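The primary structure of each chain is shown beneath.
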Amino acid sequence: EPVTDLSGKCVIVTAGPTREPMDPVRFLTNRSSGKMGYALAEAARDAGAEVVLISGPVSLETPYGVRRVDVGTADEMLDAVLRDLPRADVVIKAAAVADYRPAQVADYKIKKSGEEMVVRLERTPDIAEEVGRRKQSHQLLVGFAAETDHVETYAQDKLKRKNMDLIVANDVTQPGAGFEGDTNIVTVYDRDGEVLRLPKLSKREVARRLIGLIGERLHAR
Ligand code: C5P
């Protein structure tokens, strides 16, 4: 049974890794599976929302009834988010956006030589921060933070810096939390502190509870 009613609401979810090319055959990426984001898209759909799922490259089926927009790089993900942002009531940033990308992208495959090679990296745009800057008063921005230590401090720093309303933190050193697996262990914070602490649950159940909390916050406005 649905945890909240999001009918008439538009929810944007970003999910998966981004892929930052170095040449036509190589790229930098990370271990994100997209499972948490896809579970959130399904839970938001089950609550009756119109869902736009902006997805990096993952091997997951598109959830039924969800509009999926496929992107590769952080730049493409930013463009896709900004395109639908004006219509959104909620933006959930579950994607593991690459923080750095190769500063130069070669037009042809880079040839190997006997020498060592240096690849210079530059920062990618911070999508959550950009959304935080443009956010309208009725819009709710929810971020994720994968931390290994000082979880609450770092998560709340991020929340404030990016002007988020909620941040979902997981301690990725704990077994059963974070990337790739089917379970997660999360704690949610707002500006005032801890608002929800969940035990180890399936990502599907974590998603249901998070959507429940998001619905509560949205309706309290
Ligand atoms: O990478 P970081 O730990 O700062 O990520 C925290 C939040 O910011 C996550 O919700 C992530 O999706 C988002 N983020 C982003 N664009 C980036 C880096 C992170 O939207 N370039």
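Here the structure is a predicted model, which means the values were calculated and not measured. (Residues numbered from 1 in each chain as written. Predicted model: local features only at pLDDT ≥ 70, side-chain atom pairs only at ≥ 80, totals over all residues. Heavy atoms only, no water.)

Some remarks on the UniProt feature "binding site: CTP" (unreviewed entry) in the protein chain
UniProt's feature table lists "binding site: CTP" (unreviewed entry) at Asp99, Lys109, Phe144, Lys158 and Lys162, given in the numbering used throughout. Taking the farthest pair of C-alpha atoms as the criterion, the annotated set spanning 64 residues is dispersed, since that pair is 37.4 Å apart. Of the annotated set named above, Asp99, Phe144, Lys158 and Lys162 line the largest pocket. By the element assignment, lysine 109 lies in the loop between β7 (100-102) and β8 (121-123). Exposure remark for lysine 109: the relative accessible area of 47% places this residue in the partly exposed category. The topology assignment puts lysine 162 in the loop between α4 (151-161) and β10 (166-171). There is a polar contact of 2.8 Å between the side chain of lysine 162 and the side chain of aspartate 126. (UniProt positions renumbered as here; feature names shortened; annotations may be inferred. 1 Å grid on protein atoms, 1.4 Å probe; cavity = no way out; pocket = protein on both sides within 12 Å on 5 of 7 lines; lining within 4 Å. Helix = DSSP H or I, 4+ residues; strand = E, 2+ residues; numbered from the N terminus. Buried < 20%, exposed > 50% of the residue type's maximum accessible area, 1.4 Å probe, protein only. Polar contact = N/O pair within 3.5 Å; in protein donor to acceptor, adjacent residues only side chain to side chain.)

Section: a nonpolar patch on the surface
Taken together, Leu28, Tyr100, Met117, Val119 and Leu121 make up a surface patch of nonpolar side chains, about 440 Å² in accessible area. Of note, tyrosine 100 is situated in strand β7. Given the relative accessible area of 43%, tyrosine 100 is considered partly exposed. (Patch = residues over 30% accessible without salt bridge, like charges linked within 9 Å, V, L, I, M, F, W, Y side chains within 5 Å. Areas by Shrake-Rupley, 256 points an atom, 1.4 Å probe, with all protein chains shown as cover. Salt bridge = Lys/Arg side-chain N within 4 Å of Asp/Glu carboxyl O.)

Regarding the packing of helix α2 (residues 74-84) against helix α3 (residues 127-134)
Interaxial distance between α2 and α3 falls to 10 Å at its minimum, and their mutual angle equals 25°. The orientation of α2 with respect to α3, classified from their angle, is roughly parallel. Considering how the two elements wind past one another, α2 and α3 form a crossing that is right-handed. Each of Ala74, Met77, Leu78, Val81 and Leu82 in α2 lies in contact with α3, whose residues at this interface are Ile127, Glu130, Val131 and Arg134. For the contact of α2 with α3, a count of residues per class yields 7 nonpolar, no polar and 2 charged. (Axes fitted to C-alpha atoms, helices over the stretch in contact; angles between N-to-C directions. Parallel < 35°, antiparallel > 145°, perpendicular 65-115°, else oblique. Left-handed = near helix turned anticlockwise from the far one by under 90°. Contact = heavy atoms within 4.5 Å. Nonpolar A, V, L, I, M, F, W, Y, C, P; charged D, E, K, R; others polar.)

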